Amino acid sequence: PRFATSEKDIMWFHLDHPMVCNHIANAWEDPNDPDTIIFHAPVTYEAIDIFEHVGYWGKMTEFRLHLPTRTITKHQFDDASSISTEFPRVRDTLIGYPSRYAYTVRHGAQRTNISGLAKWDLYDRKLVAEID
């Protein structure tokens, strides 16, 4: 929690399967439910070989951490299955606050290739623009 006073305040959340989440687009407390933290990030659910980058496909995903029950709900964006994405950004002045849009790079056929940019609507959970 944001106002933790010691390591005893750290909360652990368990998922039903392994995944990799390297970079977070943004996170904030849900204004309608202060016991819920919302964050958005590109996530890979496939196996990953850290040296070969095999099977890496970052899919934009929303997570809601429910603090009292220590449970997580997640929702992969509808358009996320069509592209691999990484390195999310929001406006610096919005970090930690609700933000409508995030921007990511889009990967080409190989993870080392960047083929363009993507703009995501975090409220409606969808891809709204792509630039090659």
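Everything discussed here concerns the structure shown above.
Re the overall build of the protein
Working step 1: Tallying secondary structure elements over the protein gives zero helices and eight strands in all.
Working step 2: Secondary structure elements of the protein, listed N to C terminal, follow the sequence β-β-β-β-β-β-β-β.
Working step 3: Per-residue burial for the protein yields a buried fraction of 33% across its 132 residues.
Working step 4: For the protein, long-range pairs separated by at least 24 residues make up 43% of all intrachain contacts whose partners lie at least 6 apart in sequence.

Side note on the pattern of salt bridges
Working step 1: This model, assessed by the stated rule, comprises eight salt bridges.
Working step 2: For glutamate 62, the salt bridge identified is with arginine 64, shortest N-O distance 3.1 Å.
Working step 3: Overall, glutamate 62 belongs to the buried group, its relative accessible area being 5%.
Working step 4: For arginine 64, a relative accessible area of 24% translates into the label partly exposed.
Working step 5: Its salt-bridge partner being arginine 89, residue aspartate 92 comes within 2.6 Å of it at the nearest N-O pair.
Working step 6: Taking the relative accessible area as the measure of exposure, arginine 89 reaches 45% and is therefore partly exposed.
Working step 7: Connected through salt bridges with shared partners, the residues Asp30, Glu62, Arg64 and Arg125 form a single ionic network.

Examining the environment of asparagine 26
Working step 1: Following the sequence through the fold, asparagine 26 ends up in strand E1 (residues 26–30).
Working step 2: Considering only alpha carbons, one finds asparagine 26 and serine 99, 73 residues apart in sequence, at a separation of 7.7 Å.
Working step 3: In contact with asparagine 26, other than residues within four places in its own chain, are Ile38, Phe39, His40, Val90, Leu94, Ile95, Gly96, Tyr97 and Ser99.
Working step 4: A polar side-chain atom of asparagine 26 sits 2.8 Å from the main-chain amide nitrogen of glycine 96.

So, the side chain of threonine 85
Working step 1: Turning to its location among the elements, threonine 85 is positioned in strand E5 (residues 85–89).
Working step 2: Separated by 2.3 Å, the side chains of threonine 85 and threonine 104 make a polar contact.

As for the pairing of strand E4 (residues 71–76)
Working step 1: Bridge count between strand E3 (residues 59–66) and E4: six bridges; the pairing is antiparallel. Each residue of the ladder has a partner; that of phenylalanine 63, found in E4, is lysine 74.
Working step 2: Connecting E3 to the next strand, E4, in antiparallel fashion are four residues, including arginine 70 with a positive phi near 55 degrees.

Comments concerning the layout of surface pockets
Rolled over the atoms, a probe with the dimensions of a water molecule shows which regions are left empty.
Working step 1: Space inside the largest pocket adds up to approximately 370 Å³.
Working step 2: In this structure, the largest pocket is lined by 18 residues; those nearest its centre are Ala27, Ile37, Phe39, Leu65 and Leu67.
Working step 3: Secondary-structure elements contributing two or more residues to the lining of the largest pocket are E1, strand E2 (33–43) and E3.
Working step 4: In terms of residue count, E2 provides more of the lining of the largest pocket than any other element does, four residues in total.
Working step 5: Of the residues in the lining of the largest pocket, the class split is 14 nonpolar, one polar and three charged.

Definitions and cut-offs
- Residues numbered from 1 in each chain as written.
- Predicted model: local features only at pLDDT ≥ 70, side-chain atom pairs only at ≥ 80, totals over all residues.
- Heavy atoms only, no water.
- Helix = DSSP H or I, 4+ residues; strand = E, 2+ residues; numbered from the N terminus.
- Buried < 20%, exposed > 50% of the residue type's maximum accessible area, 1.4 Å probe, protein only.
- Contact = heavy atoms within 4.5 Å.
- Salt bridge = Lys/Arg side-chain N within 4 Å of Asp/Glu carboxyl O.
- Polar contact = N/O pair within 3.5 Å; in protein donor to acceptor, adjacent residues only side chain to side chain.
- Pairing = 2+ DSSP bridges.
- 1 Å grid on protein atoms, 1.4 Å probe; cavity = no way out; pocket = protein on both sides within 12 Å on 5 of 7 lines; lining within 4 Å.
- Points joined across faces, edges and corners; volume = space filled by probe spheres on them.
- Nonpolar A, V, L, I, M, F, W, Y, C, P; charged D, E, K, R; others polar.

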